[in-house]
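Single-letter residue listing:
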Amino acid sequence: MSLKSLKIGDLTVKYPIVQGGMGVGISRYKLAGAVAKAGGMGIISTAQIGYDEPDFYKNPIEANLKAIHKHIKSAKEISNDGPVGVNIMVATKEYNRYIKAACEAGTDCIISGAGLPVTLPGLVKDYESVKIAPIVSSEKAAHVILKMWDRKFNRTADFLVIEGPKAGGHLGFSREDLDHISDLNYDKEIKKIIQVKKSYEEKYNVSIPVLVAGGIFTHEDILHVISLGADGVQIATPFVVTEECDASQAYKQAYLDAKEEDIQIVISPVGMPGRAIRNKFLKDLEVKPEPIQHCFHCLEKCNPKNTPYCITKALINAVEGNLDQGLIFCGSNAARLTHMTTVPELMKELVQ
């Protein structure tokens, strides 16, 4: 079965595949640009995106804002007019400034989660071409966000991203939820979330496409969520082992070497569960916390005084290849990856 193109207002994506944003530094301009060129939508993660800028340690926020402009511009130069967007976490310090920087840089869309992006419509009101999408994991979250956007801003989402329990990185579920959610139960939740958006489609006389993320690995997985009523997918983990991915080769090799028993749920310094590859760094943390020597002012709810480790430093170590001291976030299917590939090859596998 061939896949239909994804239409988000006046924006058309050749294939209904959005590459998920991965930080720190995993999906920047090289990966996002290549995915957009190959017919999908490329997404740049703004999480500490400027980690390799010369002034990052001295002024991380300014370095990140500068890097947002640089990476969107570079991705668009690669993309051959394919759509390029950003993922900006609500939990980010100076969230408003990150949104503005992305809009000024010409992003095609903003996907926002890790919290409820209740203020997002107001922040993009002067940039009518920028599409916005909340990440939701439950019917309740979808209802709260769409209702608030409707009441406060008199607008609705341009599309929705439903992120399920098999996703990588920070997850929108409690640890207890993750232990009890089955594929069948979450299929039902996807259908419920899709129902939530229908009244807003009618009110605003628009189509609100729905993308499903978390554990999407094959063409058959895409067809399955489309059969539930979704319009497409967001995929992240398989793109890590492409030549174009912005991470170091050592990082990519960690995915290729991972076995199923190596993938575990961890609790991040801000108290959120996440999925990562078990390595020396995580084993060492079980014995004692890692003292924080420098704060990068990344997340609103992080207090260095009572945090077991610095998530920014751990993620930078990982992306640069210092794996023994790095946190390697991944999706549930990382152990299924067996070889390096390219973005065009992966896209071909996914759409056929």
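Residues numbered from 1 in each chain as written. Predicted model: local features only at pLDDT ≥ 70, side-chain atom pairs only at ≥ 80, totals over all residues. Heavy atoms only, no water.

Attention now moves to the overall build of the chain. Helix and strand content of the chain: 13 helices and 13 strands. Since a compact globule built from 352 residues should have a radius of gyration of about 20 Å, the 19 Å found for the chain is in line with a globular shape. Taken along its principal axes, the extent of the C-alpha atoms in the chain is 55 × 40 × 40 Å. Burial statistics for the chain: of 352 residues in total, 55% are counted as buried. Intrachain contacts of the chain at a sequence separation of at least 6 include 66% that bridge at least 24 residues. Here the chain has roughly 15,500 Å² of accessible surface; of this, 49% comes from carbon and sulfur atoms. Averaging the locations of the 41 positively and 42 negatively charged side chains of the chain gives two centres separated by 3 Å. (Helix = DSSP H or I, 4+ residues; strand = E, 2+ residues; numbered from the N terminus. Rg over C-alpha atoms; globule rule 2.2 N^0.38 Å. Buried < 20%, exposed > 50% of the residue type's maximum accessible area, 1.4 Å probe, protein only. Contact = heavy atoms within 4.5 Å. Areas by Shrake-Rupley, 256 points an atom, 1.4 Å probe, with all protein chains shown as cover. Lys, Arg positive; Asp, Glu negative; His and termini not counted. Charge placed at Lys NZ, Arg CZ, Asp CG, Glu CD.)

Across the junction of Gly-23 and Val-24, the peptide omega takes the value 0°, indicating a cis bond. With respect to the helices and strands, the residue Val-24 is situated in the loop between strand S3 (17-19) and helix H1 (29-37). We note that Asn-154 has phi near 55°; this positive angle belongs to a residue other than glycine. On the secondary structure map, Asn-154 appears in the loop between helix H5 (139-153) and strand S8 (160-163).

Take the packing of H1 against helix H2 (residues 60-79) next. Axis separation between H1 and H2 bottoms out at 8 Å; the angle between their running directions is 35°. Seen along the crossing, H1 lies across H2 with a hand that is right-handed. Taking contact as the criterion, the partners of Tyr-29, Lys-30, Ala-32, Gly-33, Ala-34, Ala-36 and Lys-37 in H1 are, on H2, His-71, Ser-74, Ala-75, Ile-78 and Ser-79. For the contact of H1 with H2, the class distribution of residues is six nonpolar, four polar and two charged. (Axes fitted to C-alpha atoms, helices over the stretch in contact; angles between N-to-C directions. Left-handed = near helix turned anticlockwise from the far one by under 90°. Nonpolar A, V, L, I, M, F, W, Y, C, P; charged D, E, K, R; others polar.)

Inspection of the entire model under this criterion finds 14 salt bridges. In this structure, Arg-155 and Asp-158 form a salt bridge, with 2.8 Å as the shortest nitrogen-oxygen distance. A relative accessible area of 22% places Arg-155 in the partly exposed class. On the accessibility criterion, Asp-158 (18% relative accessible area) is buried. For Glu-286, the salt bridge identified is with Arg-278, shortest N-O distance 2.6 Å. Classification of Glu-286 by relative accessible area gives exposed; the value is 54%. (Salt bridge = Lys/Arg side-chain N within 4 Å of Asp/Glu carboxyl O.)

On inspection of all chains with the given rule, the structure shows zero disulfides. Free of any disulfide, Cys-103 has its nearest neighbouring cysteine sulfur in Cys-109, separated by 11 Å. (Disulfide = S-S within 2.5 Å.)

Take the side chain of Asp-108 next. Counting through the fold element by element, Asp-108 comes out in the loop between helix H3 (95-105) and strand S6 (109-112). Those residues within four positions of Asp-108 in sequence are excluded, and the remaining contacts are Leu-11, Lys-76, Gly-82, Pro-83, Val-84, Gly-85, Ser-129, Val-130 and Lys-131.

Spatial ordering of the open sheet is given by S9-S13-S12, a layout of three strands whose pairing is antiparallel. Pairing within the sheet leaves two strands with one partner each, and these edge strands are strand S9 (169-170) and strand S12 (263-267). (Pairing = 2+ DSSP bridges.)

Tallying each qualifying case throughout the model produces six aromatic pairs. Arranged with centres 5.8 Å apart and planes meeting at 85°, the rings of Phe-56 and Tyr-57 form a pair that is edge-to-face. Taking the relative accessible area as the measure of exposure, Phe-56 reaches 0% and is therefore buried. Classification of Tyr-57 as partly exposed rests on a relative accessible area of 40%. Aromatic pair Phe-173 and Tyr-186: ring centres 5.8 Å apart, planes at 70°, arrangement edge-to-face. Of this pair, Phe-173 sits in the loop between S9 and helix H6 (175-180) while Tyr-186 sits in helix H7 (residues 183-204), and the two are 13 residues apart along the sequence. One exposure class covers both Phe-173 and Tyr-186, and it is buried. (Phe/Tyr/Trp six-rings, centres within 6.5 Å; stacked < 30°, edge-to-face > 60°.)

A separate point is H2. In an α-helix, one turn spans 3.6 residues, which is why side chains three or four residues apart end up on the same side. Compared with the 28 Å implied by 1.5 Å per residue over 20 residues, the 28 Å span of H2 between its first and last C-alpha is a close match. Among the structural elements, H1, strand S4 (42-45), strand S5 (84-87) and H3 are those in contact with the buried residues of H2. One or two steps after H2, the chain reaches Asn-80, where phi turns positive at roughly 55°. (Expected span 1.5 Å × (residues − 1).)

Further remarks concern H1. Where H1 is concerned, the buried positions are Leu-31, Ala-32, Gly-33, Ala-34, Val-35 and Ala-36. On its buried side, H1 packs onto S3, S4, H2, S5, helix H9 (237-240) and helix H13 (343-351). Gly-39, located one to two residues past H1, shows a positive phi value of around 110°.

Before going further, it helps to spend a moment on the sheet that holds S8. Whenever strands of a sheet pair, they do so through backbone hydrogen bonds, lying parallel or antiparallel. Strand order in the open sheet formed by eight strands is S3-S11-S10-S8-S7-S6-S5-S4, with parallel pairing between adjacent strands. Of all strands in the sheet, those with a lone pairing partner are S3 and S4, marking the two edges. On average, each strand axis in the sheet is inclined to that of its neighbour by 25°, with strand direction left out of account. The sheet contact formed by S5 and S6 spans two bridges and is parallel.

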